[in-house]
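Fold and contact review
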Amino acid sequence: MHLRTRLKHLALTGAALAVVTASLPGAAAADSGDRGDRPSDRGLSAVIRYTEYGIPHIVARDYANLGFGTGWAQAADQVCVLADGFLTVNGERSRYFGPDAAPDGSLSSAGTNLSSDLYFRGVKDAGTVEDLLATPAPAGPSRDLKELMRGWAAGYNAWLRKNRITDPACADADWVRPVTALDVARRGFAVSVLGGQGRAVDGITAARPPASPPAAGTDSSDAAPLAVTAASDAVPDPDDAAEAARELFAPENATMGSNAVAFSGATTANGRGLLLGNPHYPWQGGRRFWQSQQTIPGELNVSGASLLGTAVVNIGFNDKVAWSHTVATGVPLSLHQLTLAPGDPTAYLLDGKPERMTPRAVTVAVKDGAPVTRTQWWTRYGPVVGGLGAQLPLPWTATTAYALNDPNAANLRGSDTALGFGRARSTQDVVDTLKRTQGLPWVNTIAADSAGHSLFTQSQVLPRITDELAARCSTPLGRATYPASGVAVLDGSRSDCALGSDPDAVQPGVFGPARMPVLRDTPYVENSNDSAWLANADRPLTGYERIFGTVATPRSLRTRGGIEDVAAMADRGRLTVADLQRQQFANRAPAGDMAAADAAKACASALPEDPEVCRVIGDWDRTVNTDSRGALLFDRFWRKFTGTVKPADQWKVPFSAADPVRTPNTLNTGLPEFGKALAAAAAELRAAGIALDAPLGAHQFVVRNGERIPVSGGTESLGIWNKAEPVWNAAGGGYVEVAHGTSHVQAVGWDGSRCPVARTLLSYSQSSNPASPHYSDQTRLFAGERWVTSRFCEKDILRSPTLKVEVVRG
């Protein structure tokens, strides 16, 4: 950059900082935002410096002003997605979009708008989030977090007031409205309960007492699939329920996942730590990440990614520490089987004495129709549920019902955990933050620091279900589901089956920090959504309760491939950030390395009439790069084969806990399903007009404003680190969109200066607005396997050739 241009940028930024400093109050006073009233933005302001790819660097004097700048900047990029989410948490989707349409799924598993609204309106009517906000820290949110949320709402509202919406998804829509700090907190609550109540929304809202007629003035027309009205004494089959629960909580079936690895200084070129974070999240909707840097001089300076609608950096780094998260195997809920009082299905027995359920009548406005009122039933354990998804029904009969316990329904601390990470100066500070806040509902934490430390910990908010308690208190159903999946079904009729508390726990009924799996300062720690057992294959973690996950069980191909890669990197040593970047886009297919040669060899016997299939699979380079030929054919074959053959039957050599990374192995090509899957894959591609050896990128792409952008990566079943779960549409040309996969990637290290060495990439770009210049710019980077050089320090921000400074005020 020329000196004159640099001085111009410096003067501009200095002037902007001076203006905002003069305009800000010494301390932002609390106002009525926490009571749910629209927060005042009077006196709030921030400086936003935009660098390449629309990444904002937000500077403010205190937390309320920082929240203001963050809310403003998020609205500028994602106003329609944010507004849609606020409709969700206020239970108003049916009012605007109709009751039968499906929500985007980002804030719960609800199947319809009506189900979603009944749940979230019930949360709102009960004042659940208000009670959590009123809980003193550390069990409740801190004052700093409340100020951030208040400021975020004010900034979002100020942007709405001062700007015209150009995104066609909500331009001129009457459902885009100002929000409150309480709305922001409600969104945080929804994220917290995603793995518990959020997973069971349909079951909560459809549960009915047997043979119960509709109450006067209520609507009974909705034929909810989980409603049980017959007074049958049917109970779920334990074996079927165990398999359903296993599939429900299996990492390979989830719409979110992640990889993360931290290397200690013993493996790096300069003795400092390294971290590669690769979360796998949805590419559309309200669970997208959004990038920023947040700075309060002398107090906070952190860069990274925020889940939309949150006022903190959830995954990120500062000048001393970097961290990422992976979705954990811990089951953040438990079920309690109720023995109902004779003759009254809305009362249950506890130590032989009846205790009445609490009815909650919830009314939802419906577009072009009368309001719908439904009753939910609550117990001391939580809501009665008619099932966990359609695959695991839990019938409410004349004698039995099931209640769901979700400890994260009392947890609004997740953003305080993130805030503590942003302030951390070491991995020890990360550990201390987790102990103090206990705010993470469904993720592991992997971290590294500039002093060379590495950290893995599965510090989740989990119901305090020990193996001893499960053995003593499980019902016959629970004796099947708990070993298979970690889903406990406890006898709700006995007070001696209560969860109890650990003395170091922030809230009752959960495990305390001392019970969490932790591994520190090993050459590497890695997680790819399996349990904590093999965070380092040379130092297996054991001794934790089943609800955290399994020990000595088969690992996914992604875990096995990831461990092979990072262990080899650690053994090689002298690692740098560039090595992390290479790992992210190595695009090695572990399934191909393990099975393609055997498949090609056996193919001649299975398909003697079709030698082209055998040739293409044999010539495939075992990668999922955009120019890889044969990857698409193997992918379609592998999906069909693994979709029809049980995991234990896919390989000739079975799993061995003594060799968990290399077993099972040797493809079982003798199965009739092998030849059928090969033939079906080849026929599918030919019917679609796709050559068997077509390069992957010609048929795996996303379309943005008419531009076809090829993307590399591959599916969970192939074991790909750079995961992509694309949508197959043969008529459209193959894989025509990515549903979820690689999202916000960060490769971070330190070189002894005050500036971290960081490379980042947001695969789907910063804005969901097709009119934005940042709608697909990073997607093109992702397609080219190129990175953004993070501008963390002032000197680097000021050198940005696209620097734009904006002073935003209420």
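In this text, all values refer to a predicted model and were calculated from it rather than measured experimentally. (Residues numbered from 1 in each chain as written. Predicted model: local features only at pLDDT ≥ 70, side-chain atom pairs only at ≥ 80, totals over all residues. Heavy atoms only, no water.)

**A few points about the overall build of the protein chain**
Within the protein chain, the secondary structure is distributed over 21 helices and 29 strands. Taken against the 2.2 N^0.38 rule, which gives 28 Å for 810 residues, the C-alpha radius of gyration of the protein chain at 26 Å falls within 12% of a compact globule. In terms of its C-alpha atoms, the protein chain occupies a principal-axis envelope of roughly 85 × 75 × 55 Å. Within the span of the protein chain, comprising 810 residues, buried residues form 63% of the whole. Taking contacts inside the protein chain between residues at least 6 apart in sequence as the whole, the part at least 24 apart equals 69%. In the protein chain, which carries 78 positive and 81 negative side-chain charges, the distance between the mean positions of the two groups comes to 6 Å. (Helix = DSSP H or I, 4+ residues; strand = E, 2+ residues; numbered from the N terminus. Rg over C-alpha atoms; globule rule 2.2 N^0.38 Å. Buried < 20%, exposed > 50% of the residue type's maximum accessible area, 1.4 Å probe, protein only. Contact = heavy atoms within 4.5 Å. Lys, Arg positive; Asp, Glu negative; His and termini not counted. Charge placed at Lys NZ, Arg CZ, Asp CG, Glu CD.)

**Observations concerning the layout of surface pockets**
Of the pockets and cavities examined, the largest pocket occupies roughly 1600 Å³. In this structure, the largest pocket is lined by 49 residues; those nearest its centre are Arg246, Ala250, Glu252, Ser556 and Pro647. Going through the elements one at a time, α9 (238-249), α13 (476-485), α14 (557-572) and α18 (631-644) are the ones with two or more residues in the lining of the largest pocket. Looking at the lining of the largest pocket, the element that brings in the most residues is α9, giving six residues. When grouped by side-chain class, the residues that make up the lining of the largest pocket number 18 nonpolar, 18 polar and 13 charged. (1 Å grid on protein atoms, 1.4 Å probe; cavity = no way out; pocket = protein on both sides within 12 Å on 5 of 7 lines; lining within 4 Å. Points joined across faces, edges and corners; volume = space filled by probe spheres on them. Nonpolar A, V, L, I, M, F, W, Y, C, P; charged D, E, K, R; others polar.)

**Some details on the nonpolar core**
If you look at the biggest cluster of nonpolar residues, it comprises 173 residues, and the most contacted ones within it are Val79, Tyr156, Val176, Phe189, Phe263 and Ile465. Of the residues forming this core, the biggest block, 15 residues, is contributed by helix α2 (residues 63-89). Every residue in contact with Phe189, bar those within four places of it in the chain, is listed here: Tyr119, Val123, Thr128, Val129, Leu132, Gln197, Ala409 and Leu412. Counting residues in hydrophobic clusters, the runner-up holds 39 residues, among them Ala600, Val624, Ala631 and Leu692. (Core = buried A, V, L, I, M, F, W, Y, C linked by side-chain atoms within 4.5 Å.)

**Examining the state of the cysteines**
One pass over the structure, following the stated rule, counts four disulfides. For Cys473, the disulfide goes to Cys497, at an S-S distance of 2.1 Å. Classification of the bridge connecting Cys473 and Cys497 rests on its S-S torsion, roughly -85°, and on that basis the disulfide is left-handed. A residue pair is termed long-range when its members are at least 10 positions apart, and Cys473 in helix α12 (residues 467-473) and Cys497 in the loop between β17 (489-491) and β18 (518-520) qualify at 24 residues. Residues Cys473 and Cys497 agree in their burial class; the two are buried. Disulfide connectivity for the protein chain, with bonded cysteines indexed by sequence position, reads 1-2, 3-4, 5-6, 7-8. (Disulfide = S-S within 2.5 Å.)

**As for α13**
In an α-helix there are 3.6 residues to a turn, and that puts residues three or four apart on one side. Turning to α13, its buried residues number three or more, namely Leu477, Gly478, Ala480, Thr481, Tyr482 and Ser485. Each element contacted by the buried residues of α13 is listed here: α9, β9 (334-341), β14 (400-405), α12 and β17. Just downstream of α13 lies Gly486, where phi reads positive at about 85°.

**What about the pairing of strand β15 (residues 443-449)?**
With seven of seven residues buried, β15 is to be regarded as a mostly interior element. Taking every second residue as pointing to the same face, both faces of β15 are buried, with Val443, Thr445, Ala447 and Asp449 on one and Asn444, Ile446 and Ala448 on the other. Taken together, the seven bridges between strand β8 (residues 321-327) and β15 define a ladder with antiparallel strand orientation. Bridge pairing in β15 links Val327 to Val443. (Pairing = 2+ DSSP bridges.)

**Some points on the confidence of the model for the protein chain**
Scored by pLDDT, the protein chain comes out at a mean of 93, with 92% of its residues at no less than 70. Scored below 50 in pLDDT, residues 23-36 makes 41 contacts in the model with residues more than four places away or belonging to other chains. Here residues 213-232 is a poorly scored stretch, pLDDT under 50, and it has 34 contacts once near neighbours within four places are set aside; other chains count. (pLDDT = per-residue confidence, 0-100.)

**Considering the environment of Val321**
Summarising the element assignment, Val321 is placed in strand β8. Taking the relative accessible area as the measure of exposure, Val321 reaches 0% and is therefore buried. Ignoring any residue separated from it by four or fewer positions in sequence, one finds Val321 in contact with Gly316, Ala424, Arg425, Ser426, Thr427, Val430, Ala448, Asp449 and Trp750.

**Re the packing of helix α10 (residues 414-423) against helix α11 (residues 427-437)**
In the contact formed by α10 and α11, the axes pass within 9 Å of each other and the chain directions differ by 155°. The pairing of α10 with α11 is recorded here as roughly antiparallel in orientation. Between α10 and α11 lies a crossing whose hand is right-handed. Across from Asp416, Thr417, Gly420 and Phe421 in α10, the residues of α11 making contact are Val430, Thr433, Leu434, Arg436 and Thr437. Along the lines of polarity and charge, the residues of the contact of α10 with α11 split into three nonpolar, four polar and two charged. (Axes fitted to C-alpha atoms, helices over the stretch in contact; angles between N-to-C directions. Parallel < 35°, antiparallel > 145°, perpendicular 65-115°, else oblique. Left-handed = near helix turned anticlockwise from the far one by under 90°.)

**Observations regarding the sheet that holds β8**
A sheet is described by the order of its strands in space; here 10 strands give the open sequence β18-β16-β15-β8-β7-β6-β5-β2-β1-β29, paired in mixed fashion. For this open sheet the edge positions go to β18 and β29 (804-809), each flanked by a neighbour on one side alone. Mean inter-strand twist for the sheet, computed between neighbouring axes without regard to direction, equals 20°. Of the strand pairs in this sheet, strand β6 (residues 300-307) and strand β7 (residues 315-317) are connected by three bridges, and their pairing is antiparallel. By the bridge assignment for β7, Gly304 is matched with Gly316. Most of the contacts of α10 go to β6, to which it runs at about 140°, and overall it touches β6, β8 and β15.

**Regarding unusual backbone geometry**
Most of the time, phi is negative for any residue but glycine, and the peptide bond is trans. For the peptide bond that leads from Ala137 to Pro138, omega is 10°, which places it in the cis range. On the secondary structure map, Pro138 appears in the loop between α5 (128-134) and α6 (143-162). Along the chain, Thr663 connects to Pro664 via a cis peptide bond; the corresponding omega equals -5°. Among the structural elements, Pro664 can be located in the loop between β20 (651-653) and β21 (665-667). The phi angle at Asn587 is positive, at roughly 55°, despite the residue not being glycine. Considering the arrangement of structural elements, one finds Asn587 in the loop between α15 (577-584) and α16 (590-606).

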